[in-house]
Amino acid sequence: NAGVMQNPRHLVRRRGQEARLRCSPMKGHSHVYWYRQLPEEGLKFMVYLQKENIIDESGMPKERFSAEFPKEGPSILRIQQVVRGDSAAYFCASSPERGVAYEQYFGPGTRLTVT
Amino acid sequence: QQPVQSPQAVILREGEDAVINCSSSKALYSVHWYRQKHGEAPIFLMILLKGGEQKGHDKISASFNEKKQQSSLYLTASQLSYSGTYFCGTAYNNNDMRFGAGTRLTVKP
């Protein structure tokens with residue numbers, strides 16, 4: 001039973017480049033959450049998606065950040081024109097049903113470093 | 001809307017007990033508890049739904065006081081493996097969750 005998969009595990013980008021982070025939810029899960037974590041800090045909610053639908057993106061920065069979860073394939077978090085402040089660990093989590101009454105299973109995270 | 005966790009850090013000897021608190025300024029729909037070890041993904045511990053229930057497994061349990069808008073995580077007879085950062089996640093509706101800043105627990109032999 002494969003868990004939540006994220007790739008790449010580590011990503012280095014120069015300022016101004018684009019970063020694409022992928023998340024494959026657990027089998028049977030159709031709900032995905034993205035979180036950002038700065039060193040020694042908590043998890044900051046970014047976006048909640050269901051297949052082909054953004055349910056809540058209230059935590060996403062208004063510019064440069066976008067997320068999608070297509071009918072086929074992984075969920076993608078895209079950061080355009082990265083800046084040093086984007087350096088963080090990005091975790092995705094999946095759940096089997098809609099809503100926060102269900103546990104979220106986290107992936108191993110992608111550690112983004114912007115040089 | 002981020003919940004407030006206390007204490008920020010705690011150091012225990014093996015076998016001692018600890019309580020971690022999570023408080024909200026708004027009415028809660030649910031509370032989640034997770035543990036994260038350094039450099040790893042958060043691991044789910046338990047969910048409590050509004051209704052003032054208490055849950056537990058093994059030596060880790062939690063309570064949810066809906067009236068006080070707070071939850072507490074109880075770790076009894078702590079083991080070395082309990083070390084890590086504990087996060088509570090609070091939800092005010094059915095869509096999204098906000099995590100606290102975490103409580104760093106260190107268990108020493």
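Up top is the structure.
Keep in mind it's a predicted model, so treat the numbers as computed, not measured.

**Q** Teacher, can you tell me more about the overall build of chain A here?
**A** Helix and strand counts for chain A stand at zero helices and eleven strands. In chain A, the order of α-helices and β-strands from amino to carboxyl end is β-β-β-β-β-β-β-β-β-β-β. Relative to the compact-globule value of 13 Å for 115 residues, chain A shows a C-alpha radius of gyration of 13 Å, a close match. The principal-axis extents of the C-alpha atoms in chain A amount to approximately 40 × 25 × 25 Å. A total of 115 residues make up chain A; the buried ones form 44% of that total. Of the accessible surface of chain A, which amounts to about 5800 Å², a share of 45% is contributed by carbon and sulfur atoms. Separation between the mean location of the 17 positive side-chain charges and that of the 12 negative ones in chain A comes to 7 Å.

**Q** What is the right way to read the layout of surface pockets from this model?
**A** A water-sized probe rolled over the atoms picks out the places where empty space is left. There is about 650 Å³ of room inside the largest pocket. Surrounding the largest pocket, 28 residues form its lining, Gln37(A), Pro39(A), Glu40(A), Glu41(A) and Arg104(B) being those nearest its centre. When contributions to the lining of the largest pocket are tallied by element, the ones reaching two or more residues are β9 (88-95) of chain A together with β1 (4-6), β9 (84-91) and β11 (103-108) of chain B.

**Q** I'm lost on the pairing of strand β4 (residues 31-37) of chain A in this one. Help?
**A** On any regular strand, side chains alternate: one points to one face of the sheet, the next to the other face. Residue and element names in this part refer to chain A. With six of seven residues buried, β4 lies mostly within the body of the structure. Examined bridge by bridge, β4 and strand β5 (residues 43-50) share seven bridges and lie antiparallel to one another. Paired with Arg36 across the strands is Lys44, a residue of β5. The hairpin formed by β4 and β5 contains five residues between the paired strands, and Glu40 there has a positive phi angle of roughly 65°. The pairing of β4 with β9 spans seven bridges and is classified as antiparallel. Paired with Tyr33 across the strands is Ala93, a residue of β9.

**Q** Explain the interface of chain B and chain A to me, please; I cannot follow it from the model alone.
**A** Frequently, the measure chosen for interface size is the accessible area removed from exposure when the parts meet. Contact with chain B, which involves 26 residues of that partner, is made by 25 residues of chain A. When chain B packs against chain A, the two sides together hide about 1900 Å² of surface, and 54% of this comes from carbon and sulfur. One can count zero salt bridges joining chain B with chain A. It is strand β4 (residues 30-36) of chain B that provides the largest number of residues to the side of chain B that touches chain A, a total of four residues.

**Q** Teacher, can you tell me more about the sheet that holds strand β3 (residues 19-24) of chain A here?
**A** Whether parallel or antiparallel, the strands of a sheet pair through hydrogen bonds between backbone atoms. Residue and element names in this part refer to chain A. Spatially, the four strands line up as an open sheet ordered β1-β3-β8-β7, and their pairing is antiparallel. The two strands at the open ends of the sheet, each matched to only one other strand, are β1 (5-7) and β7 (65-68). On average, each strand axis in the sheet is inclined to that of its neighbour by 15°, with strand direction left out of account.

**Q** Could you clarify how one ought to interpret the pattern of salt bridges in this entry?
**A** Residues and elements named next belong to chain A. Inspection of the entire model under this criterion finds three salt bridges over all chains. Of the charged contacts in the structure, one is a salt bridge between Arg78 and Glu18, with a shortest N-O distance of 2.9 Å. Of this pair, Arg78 sits in strand β8 (residues 75-79) while Glu18 is found in the loop between β2 (10-13) and β3, placing the two residues 60 residues apart along the sequence. Using a relative accessible area of 27% as the deciding quantity, one classes Arg78 as partly exposed. A residue is classified by how much of its surface remains accessible, and Glu18, at 29% relative accessible area, is partly exposed. For Asp86, the salt bridge is made with Arg64, and the minimal N-O distance between the two is 2.7 Å. You can see Asp86 sitting in the loop between β8 and β9 and its partner Arg64 sitting in the loop between β6 (53-56) and β7, a full 22 residues away along the chain.

**Q** Can you help me understand the environment of Arg35(B) in this one?
**A** All names here are of chain B. Structurally, Arg35 is set in strand β4. Arg35 sits 49 residues away from Gly84 along the chain, and the two C-alpha atoms are 6.3 Å apart. With residues up to four places along the chain from it excluded, the contact list for Arg35 reads Ala41, Pro42, Ile43, Leu45, Ile60, Ser81, Tyr82, Ser83, Thr85 and Tyr86. There is a polar contact of 2.9 Å between the side chain of Arg35 and the side chain of Tyr86.

Cut-offs applied
- Residue positions within a chain follow its written sequence, with the count starting from 1.
- The order in which chains are written sets their letters, starting at A; the order in which ligands are written sets their numbers, starting at 1.
- A pLDDT threshold of at least 70 governs which residues receive local features in this predicted model, and a stricter bar of 80 or more applies before side-chain atom pairs are shown or counted, although totals over entire chains, interfaces and linings include all residues.
- With hydrogens and water set aside, each side-chain value is computed from the structure's full complement of heavy atoms.
- Under the scheme used here, helices are H or I runs from DSSP no shorter than 4 residues and strands are E runs no shorter than 2 residues, and both carry numbers assigned from the N terminus.
- Throughout, the radius of gyration refers to the C-alpha atoms, and the reference size of a globule is 2.2 Å times the residue count to the power 0.38.
- We call a residue buried when its accessible area falls under 20% of the maximum for its residue type, exposed when it is over 50%, and partly exposed in between, using a 1.4 Å probe and counting protein chains only.
- Accessible surface area values rest on a Shrake-Rupley calculation with a 1.4 Å probe, where residue burial reflects the displayed protein chains alone.
- Residues scored as positive are Lys and Arg, those scored as negative are Asp and Glu, and His as well as the terminal groups of each chain are ignored.
- The atoms used to mark charge sites are NZ of Lys, CZ of Arg, CG of Asp and CD of Glu.
- A cavity here means a set of points on a 1 Å grid, drawn over the protein atoms and nothing else, where a 1.4 Å probe fits but cannot get out; a pocket is an open set with protein on both sides within 12 Å along at least five of seven lines, and a residue lines either one if it has an atom within 4 Å of a point.
- Grid points are joined across faces, edges and corners, and a volume is the space filled by probe spheres set on the points.
- The pairing criterion for strands is at least two bridges between them, as found by DSSP.
- Pairs of residues are marked as contacts when any of their non-hydrogen atoms sit within 4.5 Å.
- Values labelled buried area give the accessible surface lost by two parts on being combined, using a 1.4 Å probe and summing over both.
- One side-chain nitrogen of Lys or Arg within 4 Å of one carboxyl oxygen of Asp or Glu is enough to make a salt bridge.
- Interaxial angles span 0 to 180 degrees and are taken between N-to-C directions of axes, which are lines fitted to C-alpha atoms, for helices over the stretch in contact.
- By the criterion applied in these results, polar contacts are pairs of N or O atoms within 3.5 Å in which, for protein atoms, one can donate a hydrogen and the other can accept it, and in which residues neighboring in sequence qualify only through two side-chain atoms.

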